[in-house]
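# Structural characterization, general
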Amino acid sequence: MTPPVRVCRHCQEVITAPGVNGVIVGHERGNSGPGCDIWAHREHADLVDLIGDDLLRIMLRIWAAKTRSERQQT
C-alpha cells in the first residue's frame with residue numbers, strides 16, 4: 001500500500017517529508033467517514049486559513065444582521 005500524499009493547505013505543494021517539515025494544523029470532518037487531517041509545511045502553519053469560504057460568508061451575514069439589529073434597538 002502506498003502512503004497518502006500530503007499537501008500543504010497554504011501553498012498547495014506536496015509535503016515531501018511529513019515527519020520532518022509537515023504538521024497537522026486541523027481536521028475536517030467527513031460526511032460519511034472519519035474525515036481527513038489538514039497538513040501544512042512547518043513554516044506555513046500560522047498562515048493556514050482554517051475557516052472555509054462558505055462558512056466565513058455565512059458568519060459575516062449573521063454578524064452584519066446582528067449589528068443592524070442592535071443599532072435599531074438603541
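Structure: see above.
Residues numbered from 1 in each chain as written. Predicted model: local features only at pLDDT ≥ 70, side-chain atom pairs only at ≥ 80, totals over all residues. Heavy atoms only, no water.

The subject of this paragraph is the overall build of the protein. A tally of helices and strands in the protein yields 2 helices and 2 strands. Tracing the protein from N to C terminus, the helices and strands come up as α-β-β-α. Principal-axis analysis of the C-alpha atoms gives the protein an extent of 60 × 30 × 15 Å. By the burial criterion, 14% of the 74 residues in the protein qualify as buried. Carbon and sulfur atoms form 53% of the exposed surface of the protein, whose accessible area is close to 6,300 Å². Each charge sign in the protein was given a centre, from 9 positive and 9 negative side chains, and these centres are 9 Å apart. (Helix = DSSP H or I, 4+ residues; strand = E, 2+ residues; numbered from the N terminus. Buried < 20%, exposed > 50% of the residue type's maximum accessible area, 1.4 Å probe, protein only. Areas by Shrake-Rupley, 256 points an atom, 1.4 Å probe, with all protein chains shown as cover. Lys, Arg positive; Asp, Glu negative; His and termini not counted. Charge placed at Lys NZ, Arg CZ, Asp CG, Glu CD.)

Applying the stated criterion across every chain yields a total of 2 salt bridges. Residue Arg9 pairs with Glu28 through a salt bridge whose shortest N-O separation is 3.0 Å. Of this pair, Arg9 sits in the segment before α1 (18-21) while Glu28 sits in strand β1 (residues 22-28), placing them 19 residues apart in sequence. Across the pair Asp54 and Arg57 runs a salt bridge, and its minimum N-O distance is 2.7 Å. Taken together, the positions of Asp54 and Arg57, both in helix α2 (residues 53-73) and 3 residues apart, correspond to about one turn of that helix. What makes Asp54 partly exposed here is its relative accessible area of 49%. Its relative accessible area of 44% is what places Arg57 among the partly exposed residues. (Salt bridge = Lys/Arg side-chain N within 4 Å of Asp/Glu carboxyl O.)

For the rest of this paragraph, the subject is the state of the cysteines. In the structure shown here, the tally under the stated rule is 0 disulfides. Distance from the sulfur of Cys8, which forms no disulfide, to the nearest cysteine sulfur (Cys11) is 3.7 Å. Given the relative accessible area of 0%, Cys8 is considered buried. In this structure Cys36 is a free cysteine whose sulfur lies 14 Å from that of Cys8, the closest cysteine sulfur available. (Disulfide = S-S within 2.5 Å.)

Next up on the list: the side chain of His44. Following the sequence through the fold, His44 ends up in the loop between β2 (36-41) and α2. Excluding residues that lie within four positions of it along the chain, His44 makes contacts with Cys8, His10 and Cys11. (Contact = heavy atoms within 4.5 Å.)

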